[in-house]
Amino acid sequence: MAARAGAGPATREQWSGQTGFILAAVGSAVGLGNIWRFPGVAYENGGGAFLVPYLVALLAVGLPVLLLDYALGHRFRGSPPSVFRRLSTRAESLGWFQVGISFVIILYYTVIIAWAVSFVWFSVDTAWGDDPAGFFTGEYLQVSETPGLSLDIVPGVLLPLVAVWVVVLVVLALGVQRGLERANVVFLPLLVVLFVTLVVRALFLEGAGEGLTAFFTPDWSALADPGVWIAAFAQIFFSLSIAFGIMITYSSYLKRRSNLTSTGLVVGFANSSFELLAGIGVFATLGFMAHQEGVQVGELEGLTGPVLSFVTFPHIISMMPGGPVFGVLFFSALALAGITSLLSLLQVVSSAFQEKFGWTPRQGALRVGGVAAVLSVVLFSTTTGLPLLDTVDTFANEVGIIGSAVVMTILVGVVLRRLPELQWHLNAVSSTRIGAWWRWMVGIGVPVVLGYMLLTGVWTLVRDGYGGNPQWFVNAFGWGTVGVIVVFALVMSFVRWRHDPDELVPWPELPASQLRHGGQKGPRS
Amino acid sequence: MTTTAVVVLVVSVLVVWGGLALSIVNLLRSPADVGPEGPAPDEPAVGERTD
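Residues numbered from 1 in each chain as written. Chains lettered and ligands numbered in written order. Predicted model: local features only at pLDDT ≥ 70, side-chain atom pairs only at ≥ 80, totals over all residues. Heavy atoms only, no water.

Chain B has the name Methionine/alanine import family NSS transporter small subunit in an unreviewed UniProt entry, where Sanguibacter suaedae is given as its organism.

Worth spelling out the cut-off: UniProt positions are given in the numbering used here, feature names are shortened, and annotations may be inferred rather than shown by experiment.
In the nomenclature of an unreviewed UniProt entry, chain A corresponds to Sodium-dependent transporter from the organism Sanguibacter suaedae. Per UniProt, chain A has the following entry under Subcellular location (unreviewed entry): "Membrane".

**Description of the overall build of chain A**
Worth spelling out the cut-off: Numbering of helices and strands runs from the N terminus; a helix is a DSSP stretch of H or I covering at least four residues, while a strand is a stretch of E covering at least two. Note on exposure labels: buried denotes an accessible area under 20% of the residue type's maximum, exposed denotes more than 50%, and partly exposed covers the range between, all computed with a 1.4 Å probe on protein chains only. Throughout, the Shrake-Rupley method with a 1.4 Å probe supplies accessible areas, and for residues the shown protein chains are the sole cover considered. In this tally Asp and Glu are treated as negative and Lys and Arg as positive; neither His nor the chain ends contributes. Charge coordinates come from a single atom per side chain, which is NZ of Lys, CZ of Arg, CG of Asp or CD of Glu.
Looking only at helices and strands, chain A features 20 helices and 0 strands. The principal-axis extents of the C-alpha atoms in chain A amount to approximately 70 × 50 × 45 Å. Counting every position in chain A, which comprises 525 residues, the buried fraction comes to 63%. Summed over its atoms, the accessible surface of chain A is roughly 18700 Å², and 64% of this surface lies on carbon and sulfur atoms. Separation of charge centres in chain A, based on 27 positive and 29 negative side chains, amounts to 24 Å.

**Concerning the interface of chain A and chain B**
Counted only if it meets this: The contact rule is simple, with two residues in contact once any of their heavy atoms fall within 4.5 Å. Once two parts are joined, some of their accessible surface, as seen by a 1.4 Å probe, is lost; buried area is that loss totalled over both. The term salt bridge refers to a side-chain nitrogen of Lys or Arg lying within 4 Å of a carboxyl oxygen of Asp or Glu. Side-chain atoms alone can form a polar contact between residues adjacent in sequence; in general such a contact is a pair of N or O atoms within 3.5 Å, and within protein one must be able to donate a hydrogen while the other accepts it. Three residue categories are used. Nonpolar comprises Ala, Val, Leu, Ile, Met, Phe, Trp, Tyr, Cys and Pro, charged comprises Asp, Glu, Lys and Arg, and polar comprises the others, including Gly.
Tallying the contact residues gives 42 residues for chain A and 34 residues for chain B. Approximately 3200 Å² of surface area, both sides summed, lies buried where chain A meets chain B, with 67% of it carried by carbon and sulfur atoms. Run the count over chain A and chain B and you get 0 salt bridges. The tally of links from chain A across to chain B stands at 5 residue pairs in polar contact (both at pLDDT 80 or more). Here the side of chain A that touches chain B is built from residues that sort into 22 nonpolar, 15 polar and 5 charged.

**So, the packing of aromatic side chains**
Residues and elements named next belong to chain A. This is how the line gets drawn: Centres within 6.5 Å make a pair out of two Phe, Tyr or Trp rings, where for Trp the six-membered ring is used; the pair is then stacked when the planes are under 30 degrees apart, edge-to-face when over 60, and tilted otherwise.
Enumeration according to the criterion identifies 41 aromatic pairs over all chains in this entry. For the pair Trp 36 and Phe 310, a centre-to-centre distance of 6.4 Å together with 70° between the ring planes defines the contact as edge-to-face. Of this pair, Trp 36 sits in helix H2 (residues 32-36) while Phe 310 is found in helix H14 (residues 305-319), placing the two residues 274 residues apart along the sequence. Exposure remark for Trp 36: the relative accessible area of 10% places this residue in the buried category. A centroid spacing of 5.7 Å and a plane angle of 65° characterise the contact between Phe 237 and Phe 238, whose relative ring orientation is edge-to-face.

**Examining the packing of helix H6 (residues 92-124) of chain A against helix H16 (residues 361-380) of chain A**
Residues and elements named next belong to chain A. Our working definition: Here an angle of 0 to 180 degrees is reported between the N-to-C directions of two axes, which are lines fitted to C-alpha atoms, with helices fitted over the stretch in contact. Angular relationships are summarised with four words: roughly parallel below 35 degrees, roughly antiparallel beyond 145, roughly perpendicular across 65 to 115, and oblique for the angles in between. The sense of a crossing depends on the near helix, which, turned anticlockwise from the far helix by less than a right angle, makes the crossing left-handed and, turned clockwise, makes it right-handed.
Orientation of H6 relative to H16, taken along the N-to-C sense of each, is 60°, at an axis distance of 9 Å. Judged on the interaxial angle alone, H16 and H6 are oblique. In the crossing of H6 with H16, the sense of the turn from one axis to the other is right-handed. When H6 is examined against H16, the residues Phe 103, Ile 106, Leu 107, Tyr 108, Thr 110 and Val 111 are found in contact with a partner set consisting of Val 368, Val 371, Ala 372, Leu 375, Ser 376, Leu 379 and Phe 380. In terms of residue class, the contact of H6 with H16 is built from 11 nonpolar, 2 polar and no charged.

**Regarding the environment of Ser 272 of chain A**
Position of Ser 272 of chain A relative to the elements: it lies in helix H13 (residues 260-293). Classification of Ser 272 of chain A by relative accessible area gives buried; the value is 2%. Ser 272 of chain A sits 218 residues away from Tyr 54 of chain A along the chain, and the two C-alpha atoms are 9.3 Å apart. With sequence-adjacent residues up to four places away left out, Ser 272 of chain A is seen in contact with Tyr 54, Leu 58 and Ile 236 of chain A together with Val 16 of chain B. A distance of 2.9 Å separates polar atoms of two side chains, one belonging to Ser 272 of chain A and the other to Tyr 54 of chain A.

**Considerations on helix H7 (residues 132-140) of chain A**
Residue and element names in this part refer to chain A. Where we set the bar: What the arc measures is the spread of directions leading from the helix axis to the C-beta atoms.
All of the buried residues in H7 are Pro 132, Phe 135, Phe 136 and Tyr 140. Considered in projection along H7, the buried side chains sweep an arc of 95° and stay on one side of the axis. Those residues of H7 hidden inside the fold are in contact with H6, helix H8 (155-173) and H14. Following H7 by one or two positions, Gln 142 adopts a phi angle in the positive range, close to 50°.

Written out as structure tokens, the structure is:
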């Protein structure tokens, strides 16, 4: 297909069908966080009781915002800058803000995937030996003593990083159907098969039962703790890949007549299903570790994040019969989960530039990807990469993504008052209808909850800095990152478009009763 | 495993994975042609535009 992407409805790329879209959306949502964030967060916040706030969060925040993203992308047929500009000219910069966040995340996400790829090889002979922690930060990453910005590239990271970039850029250059969709159609089922195998294996380990007991035993008093509810909302929010441009972009490649709410439900529950599976697998494995070391599960440390994956799990793999096989499967699964999420981030950025400047998918892939590849090598494959990654990630998530969500919901809801139109659009094309409650959740509930999270998160960062890093470091690379993204967003919105984005005619056409200023009720809501 | 933990595990699995199953069934059962009458701007396939 030689048509250039995204100039108008006649030439926009498309998923080959609903299934392709669902696999891609689930592939985007299921990522590293499903595996290494959910289990620990659930465990620390009430264990089995966490299911309650978690489900409430899925239904009250996760799915509503997912549907908002779908409605925006599907109706206005573009990546975030195009979509927000079509809503209101001056809103374009919010779209570029989302693009900027995605770009920043890409830079370090690729490096984490490179680590996972390395550890697939390390698993074969349990190269980490007796001291996985020392191996990870010392021998492998060669983390330097002082945080800063060194140019000492670590060859062990560089090689897999280059390989990861080659793979994703090829996929990206092939476009939505031949690249993105095909990659997800292969990788996602493969990921599920690998992971189910791991979980089944873990369930047969000695001590698995104790691990599962620790995970699922409910602490009902946690339900009275607001921190637990916030943790649930945060987990759902970060897990679903919502509110920073991915789902807007992905849904824009759906044909006009597409069942949005029904597919949204599938994507939301599929993402949660995978997390739950990961929780079972991780804690069965941790139970084995506790059993081997003769301690309680509650006494274990390193239950989340990179430490879980690259220190705790290698430790367990060394103790396990058939450990190397488990390790190969586990790190391969991690890499696959990461790659499908990474592709979605890249697509956001590439398509934004394709639409603004009239580039082809290949040009988008090479230009955007080329710059990103170089930056990721220079910034994150060096001896100062780890603390830098940690800091940038925290700010990108807690300030960037949450900020984007708050601004987006307030802008679309209260300021521009487009929620009735979007609700009408969702119901016009979908078989599962949503009621007025959706407008209330998106317009008021979500900004309140996420606004609270944003304020408390920012306050903590301002007051305590981050990670024990020196203040200059946090200012430069934490706040500095946010600042650079803001400037980028403003500047990009002033650059001229190659093709006028305002030519788009939204479909289905709004009936007269739905016109914004009329403010009447639409079809039965 | 303790009984409580088993119960919570089963309930979690039923709700979450069951929710997935139900939502898939819901999707598969939807009529193919939801939406207003008449072709949408991208149906049937249009010819490619040249730059």
